[in-house]
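# Observations on the three-dimensional arrangement
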Amino acid sequence: MEKLLILIPGEISERLNKMIEYSTRGIEYEILTHLDETENLQNRKILFTIELGDSGINLELYRMLAKIRLSGESFMKNSVGSILINSNNELYTRDVARKTILYCNMAGCTFPGRPLCEAAGYLKNFKTQQKLSADLSLDEVCLNDSRNVVEKLINFKAEKFIEPKILVLHASNYKTSNTLSLWQMVKSNLDGCSINEIHIENGSVKDCKACSYKACKHYSQNHNCFYGGIMVEEVYPAIIDCDILIMLCPNYNDSISANLSAAINRLTALFRKVKFYDKYIYTIIVSGFSGSDILAQQLISAININKTFILPPNFALMETANDIGDIEKAENIKEKAKEFADNIKRHQI
C-alpha cells in the first residue's frame, strides 16, 4: 500500500500533533509542508492537517489551496482526501474544512463520507459522541474520531454499479427553471442509468421538529419521522434504494431553497438507522449572479460531512444564468453537461 501523504501547512499545536500521532499509528506516511515544487498530487491517499489557532486563518493553507486551484482539474486525479483540523475556539473549523474540500474536489479529489475530525475549543462538539462512548474523556473521543477518519481514508475504495440508480431531488418549476433546463441537458447523456426524480413541492415538507435524540431514534427504527408525509412515503425509500443522489439547487440568496433544506434536515431520522457511506452526492447549481461555490460548500457540509455520502471528483456543475432560458445561451453549456454526465457514469461497471 502506498504511503499516506500528510499535508501540514504551517505550525501545528500540541493537540493537533497528538491527533496526527494517534490516528497514524502503524501507518506509513510522508509529510509535505508546502506544494510549491509539487507537480501533482495524483493517485494518493491525502490527509490535510490544519491548525487554525485563535484567528481561524492559516496563510500556508491558503497558499496550498491557491496551488491546487491554479493547477487544473486533474492535479489531484484519483486521489482520496480527509481532514484533521484544530481551532482554539468553537469557530472556523467547518468553514475552513468545507472550503478546503471544495478546492480539492474541483482538482479531482474524492472524499469519503464523514472525512473530517474537528477539534474545536473545549471539544464540546464531541459531547454527543461521548454519550455513546463509556467512560471516555472528550480528548479520548476526539482522538478516536481522528483515528476513524484516517482508517476510512486508508480503506476507501470507489463503488461501481451495473446500472447506477440515480435519485434526483428538486423544488423547481420546469417552465421557468434554468437549473432544471441544465439538468435536462445532463440527463440526456445519462444512458444506462436508472433515474428517479422527486419534486419537493412548496408546503409538502415541514422542517425538522428537533425531536430529542431518543424520540428521533424511536421513529428511525421504522424508517419513520414525526411529520411523516412525502419524506417518509417517497424520499426515504428512494434514498435507501439509490446509488447516486443528485440535488438540483438554484441559488436563493446564497443558500439552497427552503424546501431542499428542510428535506436535508428531515434525513436525520433516517440517518439514525441507515448510514450512507456507499452512496454518492452530485449537484447542479445555477446562480443568477454569483455564489454557486457557497451552495456547493453547504452541500459538502450537510451531505458529505454530516450525512456520510461520498463526494466524488468534481461533484458540482456550477453555472450562472439569470433570466428564463439564459442557461441555453451559456458558453459551451452542452459540452459541459455531457462532461458532467460522463463524470457521473464513471461509476458504471
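Quick look at the structure, then. Just so we're clear, the structure is a prediction, and the values are computed from it rather than from any experiment. (Residues numbered from 1 in each chain as written. Predicted model: local features only at pLDDT ≥ 70, side-chain atom pairs only at ≥ 80, totals over all residues. Heavy atoms only, no water.)

### Section: unusual backbone geometry
Put simply, the test is: The secondary structure listing takes helices from DSSP runs of H or I that are at least 4 residues long and strands from runs of E that are at least 2 residues long, numbered from the N terminus.
Positive phi, normally seen in glycine, also occurs at Asn78, with a value near 65°. With respect to the helices and strands, Asn78 occurs in the loop between helix H2 (59-70) and strand E4 (80-87). At Asp254, a residue that is not glycine, the phi angle is positive and equals roughly 60°. Counting through the fold element by element, Asp254 comes out in the loop between strand E8 (244-250) and helix H9 (258-271).

### Brief notes about helix H11 (residues 333-345)
We apply this condition: By this rule the span expected of a helix is its residue count minus one, scaled by 1.5 Å. A 1.4 Å probe rolled over the protein chains alone gives each residue an accessible area, and that area as a share of the maximum for its type sets the label: buried under 20%, exposed over 50%, partly exposed in between.
The terminal C-alpha atoms of H11 lie 18 Å apart, and with 13 residues this matches the ideal 18 Å at 1.5 Å per residue to within 8%. When H11 is considered as a whole, its buried residues turn out to be Ile333, Ala337, Phe340, Ala341, Asn343, Ile344 and Lys345.

### As for the packing of aromatic side chains
Rules: Between 30 and 60 degrees the pair is tilted, below 30 it is stacked and above 60 it is edge-to-face, where a pair is any two Phe, Tyr or Trp rings, Trp via its six-membered ring, whose centres lie within 6.5 Å.
Evaluated as defined, the whole model comprises four aromatic pairs. When the ring of Phe271 is compared with that of Phe276, the centres are 5.9 Å apart and the planes differ by 40°; the resulting orientation is tilted. For Phe271, a relative accessible area of 10% translates into the label buried. A centroid spacing of 5.8 Å and a plane angle of 85° characterise the contact between Tyr282 and Phe340, whose relative ring orientation is edge-to-face. Taken together, the residues span a long stretch of sequence, with Tyr282 in strand E9 (residues 280-287) and Phe340 in helix H11 at a distance of 58 residues.

### Considerations on the environment of Leu295
Examined against the element boundaries, Leu295 turns out to sit in helix H10 (residues 292-306). Between the C-alpha atoms of Leu295 and Ile256, which are 39 residues apart in sequence, the distance is 6.2 Å.

### Let's talk about the nonpolar core
For clarity, the threshold we go by: For the purposes of this section, nonpolar cores are sets of buried Ala, Val, Leu, Ile, Met, Phe, Trp, Tyr and Cys residues that join through side-chain atoms within 4.5 Å. Should any heavy atoms of two residues lie within 4.5 Å, those residues are counted as being in contact.
Ranked by internal contacts, the top residues of the largest apolar core, which has 113 residues, are Phe48, Met76 and Val186. Here Val186 is in contact with Ile284, Leu317, Ala337, Phe340, Ala341 and Ile344, once residues within four sequence places are set aside.

### A short note on empty space enclosed by the protein
Quick note on the threshold: Put plainly, a pocket is an open set of points on a 1 Å grid over the protein atoms alone with protein on both sides within 12 Å along at least five of seven lines, a cavity is a set where a 1.4 Å probe fits but cannot get out, and a lining residue has an atom within 4 Å of a point. Grid points are joined across faces, edges and corners, and a volume is the space filled by probe spheres set on the points. Throughout, the ten residues Ala, Val, Leu, Ile, Met, Phe, Trp, Tyr, Cys and Pro are labelled nonpolar, Asp, Glu, Lys and Arg are labelled charged, and all others, Gly among them, are labelled polar.
Evaluation of the coordinates by the stated rule reveals one cavity of 30 Å³ or more. Each pocket or cavity is described by its volume, and for the largest cavity that value is around 30 Å³. Counting residues per element, the ones that place at least two in the lining of the largest cavity are helix H8 (230-241), E8 and H9. For the lining of the largest cavity, the element with the highest residue contribution is H9, accounting for three residues. Of the residues belonging to the lining of the largest cavity, the class tally is eight nonpolar, no polar and no charged.

### Considering the environment of Thr93
Relative to the helices and strands, Thr93 resides in helix H3 (residues 93-106). Distance from Thr93 to Met106, taken between C-alpha atoms, is 20 Å for residues 13 residues apart in sequence. Ignoring anything within four residues of it in the chain, the contact list for Thr93 reads Leu52, Ile85, Asn86, Ser87, Glu118, Ala119 and Ala120.

### Description of the layout of surface pockets
By volume, the largest pocket is sized at about 950 Å³. Looking at the largest pocket, it is lined by 27 residues, and the ones nearest its centre are Arg114, Thr128, Gln129, Phe271 and Asn306. Among the elements of the structure, strand E5 (116-120), helix H4 (127-131), helix H5 (138-155), helix H7 (213-220), H9 and H10 are those that each provide at least two residues to the lining of the largest pocket. If one sorts the elements of the lining of the largest pocket by residue count, H5 sits on top with five residues. Along the lines of polarity and charge, the residues of the lining of the largest pocket split into ten nonpolar, eight polar and nine charged. Considered as a void within the structure, the second largest pocket measures approximately 600 Å³ in volume. Lining the second largest pocket are 22 residues, and of these Glu73, Met106, Asn314, Ala316 and Glu339 sit closest to its centre. Mapped onto the lining of the second largest pocket, the elements with two or more residues apiece are H3, strand E10 (316-320) and H11. Looking at the lining of the second largest pocket, the element that brings in the most residues is H11, giving five residues. Of the residues belonging to the lining of the second largest pocket, the class tally is eight nonpolar, six polar and eight charged.

### Remarks on a nonpolar patch on the surface
Counted only if it meets this: Two joining distances apply to patches: 9 Å for like charges and 5 Å for nonpolar side chains (Val, Leu, Ile, Met, Phe, Trp, Tyr), and every residue must have over 30% relative accessible area and no salt bridge. To be clear on the numbers: accessible area is Shrake-Rupley with a 1.4 Å probe, and residue cover counts the displayed protein chains and nothing else. Salt bridges are defined by distance alone: a side-chain nitrogen of Lys or Arg within 4 Å of a carboxyl oxygen of Asp or Glu.
Among the surface-exposed residues, Ile57, Leu59 and Tyr62 lie close enough to one another that they form a single nonpolar patch of about 300 Å² accessible area. Looking at the secondary structure, you find Ile57 in the loop between strand E3 (45-53) and H2.

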